[in-house]
Structure formats: structure tokens, C-alpha cells
Amino acid sequence: MSPLCSLGGWRDGAFAAARVAAGAPAAPRSVPRAGSAGRGAQPHSASPSPSRRVHWGQISGDGLEKVGSGWGLRWESLFHVGAASPPTPHAPASRGEERDGPRGAAGAKEEVTTMLQHHGKPWRSMCKGLVLGTLLTSFMLLLYSYAVPPLQVSMTEIPIPYSCSSSPAQAKGRAVANGTRSPAGGGCRPKLDIMFMKTHKTASSTILNILFRFGEKHRLKFAFPNGRNDFYYPSYFERSQVQHYRPGMCFNIICNHMRFHYQEVRKLLPADTTFVTVLRDPAYLFESSFHYFGRVIPLTWKLPGEDKLAEFLRDPWHYYDPNGFNAHYLLNLLFFDLGYDNNMNADSPLVEQHIQEIDRRFHLVMLLEYFDESLVLLKDLLCWQLEDILYFKLNARKGSTISRLTPELYEKATSWNLIDAKLYRYFNATFWRKVEAYGRERMAKDVAELQQENEKMKSICIDGGHAVDASAIQESSMQPWQPLGEKSILGYNLKKKINKKHQKLCRKMLTPEIQYLTDLGVNLWITKLWSWVRDFLKW
């Protein structure tokens, strides 16, 4: 006899025994097994043998009952509630009942009653589990979206036009790298194809606002990220990350945060595109990045003391882990953003080679410390008007949350970010050569004019004429994105009465990045989901 047949016979006999023990009529003596007809199978006996008889005895939590030294199935666990009942007075008493008397039957009744009372509780637990599971799943999807770049597919290379501007053909020919046009400044057309490499903590959000306004004014086509406000940073940029991208599509401006990948960007933009970026003194950038991103950099959580930055700079390699989550924010962040290895040896010859490569690729490298002069050079390079570069300082942090670097800490921060320091020194030199070429007197005059117009716009647009804490901002559309766990980013209140001529411009100049992207039609579902989770958890 096969093991399957043996198991079936044991099952049938056991079921019959359970019915007899419960006082139910016994099943027929012979029950043909399903599928046994025509094969000479013998009928199985319905009479339970002593080893198969079910007794009312001590019931364990796993659905078995103790019968002397053996164990049998606890049938009510198989049939749930009401599948078995204690023996009636007329039914033959099992050895278990003879031993335990009526107490065994009463215990079984009590257990069945208890099971009935608790039958509805799993529904409440199930509902709670569904809610918590939905929230957890959404949060994990968000983390996955931030951690994993989108799936890449093979794309057919389709040449893009020389220029995809929506205005008449522009003057052809690549601008001189990091150069400037002639002081006369005549006979040029505004350049509309722009790649702005948005670096972190360098006033790049203010430059972004300038580009948004210019693009709207000239009805230009932006290459925007899909789902987020960055191109899946810190992953390298890829064309497939662009919203609605198809091979051969042409864009005028790309300017959101990314980890720069020159070959991919080049395939996205026309040949006449102007490449621009901005740098900052590495010591002060490190300080700003440390405070702004500290709560999302786990390796900073274990830093003791109140001044965590000073403790970190006391012995950086004691705390720093190149493979740590978000560790790139703490070492040579500019070099990392520009697409290079921020952990390489600062004395490697590759560092100088990469700096030279950046110089060849970018037409203008601006400096935060000379922001107005940088904008004047940008205006000159792109042949823009003064109104195109007017700005209010956006995404600025409260001074009370930023510790001032002592000379000693400044030197330590510079030494720690030595590659960025070399990068900054190189482009600081090229910057002042461009200023010299532009003319110092001319530069001073144009900077003064820019500052005067900015002050004029402040008096027209900003209630009180200055930035305020996030808690004092009246319109939600003017609330800037805040770092995790604090509200240290300042914002503005728009004046209630603004003349019709300046109403639109004032609102555009004061609109934070996330809201402006939404106004431009960008899909920010991941960013908005993350914002909702933060609000829900009060982060």
C-alpha cells in the first residue's frame, strides 16, 4: 500500500472516530475512496482503532491533544468553531472522559464559547494592519525612488538640431571657454540654450529662479526631472530621467540638481548650448552642508558634544566613512556634483586633469562670494538685459543656526576639502581674469546698477523689505522647502498692494523652487509624497 493510501485510511478512520466520540451517528462501514473504482481498491474501515480514537483530554495550543503518552489532532482547530461537541450522556465515554469526568466536557464548552466571543477581533487587527501597511509601503516606495535610478532602456541615437530655440536663428559658434564678449557688447542676440550645473549650497536656487523667469519669458523648453525636483541625485544624470523624454527631443534649458554626466547632457542639448555653474569657498560650503544635511547623514549622529562640526573637524577620518549613506555631502561636494570621485587622493594628477576638463566644458564658472559680479558676467555672456538677472536671495538660512568658523576651523575645513579647494582656487583666478577683460570700472558701474534695481524691487514687492522666518510667512505658496527636522530657511511675504506692472514679476521673483516647478508643469509626486510623510511624522 502506498503512503498516500495509508494516510487516507488514517484520515477516514480518524474522522469517523471523531463523529462517534461527539455522539454523531457513525459513517457507513465501507466508504470507497475517490478515484479507487476500477482498480480493486479495498474499502477502508470506518471503525476507529484504539490508536486512532480521538479523546477529550488535555488540549495543547497547536491543535493537538494528549492521549496518554501520544498525541492526536484537535478537531475543533481544524473545523474552527462548533466542529465538535463534547460527548453526550448516551455516547460511549472515552478513556479521557473516564479519567477526567465531566470537567473535560465543561472545559471544551468553555473553550468553544471563548472562541465565539473573540471571533470578531481579527477584523479590527486586519484594518489596523492595512492602514499601517499602506503607510509603510508608501514610505518604502519613496525611499526606493530616492535610492534607485529609473530603469534604463536602449535608446536609438537621433541627431538633434543645432539649436532648438523658438526664436530666429542665433549666432552660431561656440563661446570662448570662460571668456567674455567684447566690451562694446553690440550686435549679439540673446542666447537661449543653457545648461546650468546646479551645485549644492551655492545660491544656486536664486540662479534657478532667474532661469525659470527667462525661460517663461521666451517660451523656452525645459528639460525637467520626472517625479522629483532633481535628476535622481546622487546618481549620475541620464537622459531617461527627463520628463517626457524621447530620443531626438531638443531642449533649451536644463538646470535642476544632478550629478553631472557630460556625455549624457551633451546628447540632450543643442551644440550651441552655453554651460554655466557656480562654486563657493569650500570651507563655508562644508559648514553650510554640514548643518543643512546633517540630519540625513547617519555618520554625524554619533558625534558627541554641542558643536558637532568642530568635533568632526578635530579628527575627520575617525568619523568619516566613504561608503556611508549621504557621506558625499561632507567631503569635496563640488567635485562630487561635477561628476568626479570626491574620495580620490588630492595629490593625484587626475585632480588637475579633471579641473582642466571642467574649464574646457564650462563657458562660465561663477563664484558665490562675488555673486553680483558673476551675474553681470552671465548677462554679458548670454547677451541678456538687466531685468533678466534681477533677483531676491532665495533659500537663505537663519544666521542663528550657522556657527561661525574660527580661523582654525576654517583651515581645517579647507584642508579636509582639499580637492574642492584646488578647484575653487583655479576658477577664482579665471574669474578675475574675466573681470579684467570686462573692465573693472565697467564692472563696478554695472554691479551698482544691478544692486540699485534689486533694492527698488524689494521696496515694490516685499512686505517689510526683508526675509522672515518660516512661521511668519503668510502664503503657503511662498513657503520654502525646509531641511529635515528644522525650519531654518527664510522666506518672504508679498506686499498686498503692488502696481499692476510689477504684480506678476514680484510673485515670480519670490516663488520658491518647488512651487515654481509645479507652476511650470513638473510632475513632483515623489517630492510631494515625501513632504506629506514629513508633515505627518512632524519631521
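In the annotation of an unreviewed UniProt entry, the protein chain is listed under the name Galactose-3-O-sulfotransferase 1 and assigned to Cairina moschata. According to UniProt, the comment filed for the protein chain under the heading Subcellular location (unreviewed entry) is "Golgi apparatus membrane". Quoted verbatim from the Sequence similarities (unreviewed entry) field of UniProt, the annotation for the protein chain is "Belongs to the galactose-3-O-sulfotransferase family."

Participant: An account of unusual backbone geometry is requested, with residue identities and associated values reported.
Facilitator: Most peptide bonds adopt trans geometry, and most residues besides glycine take a negative phi value. Put simply, tyrosine 233 and proline 234 share a cis peptide bond, and its omega is 10°. Its place among the elements puts proline 234 in the loop between helix 6 (204–217) and strand 7 (253–254). Backbone geometry at tyrosine 232 places phi at a positive 55°, although glycine is not the residue there. You can see tyrosine 232 is positioned in the loop between helix 6 and strand 7. Here tyrosine 232 falls in the buried class, since its relative accessible area comes to 11%.

Participant: Just give me the short version of the layout of surface pockets, but keep the residues and values in it.
Facilitator: Empty space within the second largest pocket amounts to approximately 470 Å³. Taken together, 18 residues form the lining of the second largest pocket, with Pro480, Trp481, Gln482, Ser531 and Asp535 sitting closest to its centre. The set of elements that each furnish at least two residues to the lining of the second largest pocket consists of helix 18 (513–519) and helix 19 (525–537). Ranked by the residues each element gives to the lining of the second largest pocket, the list is headed by helix 19, at five residues. Partitioning the lining of the second largest pocket into residue classes produces six nonpolar, seven polar and five charged.

Participant: Provide a residue-level description of the pattern of salt bridges, including the pertinent values.
Facilitator: Throughout the structure, instances matching the rule amount to 14 salt bridges. Notably, a salt bridge pairs glutamate 387 with lysine 217, separated by 2.9 Å at the nearest N-O pair. Here glutamate 387, found in the loop between helix 13 (371–382) and helix 14 (407–416), pairs with lysine 217, found in helix 6; they are 170 residues apart in sequence, far enough to count as distant. The exposure class of glutamate 387 is partly exposed, given its relative accessible area of 48%. The exposure class of lysine 217 is partly exposed, given its relative accessible area of 43%. With a shortest N-O distance of 2.4 Å, arginine 440 and glutamate 436 are connected by a salt bridge. Take glutamate 436: its relative accessible area is 45%, and that puts it in the partly exposed class. Each of the salt bridges in this network shares a partner with another, and the network as a whole consists of Lys217, Glu387 and Asp388.

Each value, and the rule that gives it
- Residues numbered from 1 in each chain as written.
- Predicted model: local features only at pLDDT ≥ 70, side-chain atom pairs only at ≥ 80, totals over all residues.
- Heavy atoms only, no water.
- UniProt positions renumbered as here; feature names shortened; annotations may be inferred.
- Helix = DSSP H or I, 4+ residues; strand = E, 2+ residues; numbered from the N terminus.
- Buried < 20%, exposed > 50% of the residue type's maximum accessible area, 1.4 Å probe, protein only.
- 1 Å grid on protein atoms, 1.4 Å probe; cavity = no way out; pocket = protein on both sides within 12 Å on 5 of 7 lines; lining within 4 Å.
- Points joined across faces, edges and corners; volume = space filled by probe spheres on them.
- Nonpolar A, V, L, I, M, F, W, Y, C, P; charged D, E, K, R; others polar.
- Salt bridge = Lys/Arg side-chain N within 4 Å of Asp/Glu carboxyl O.

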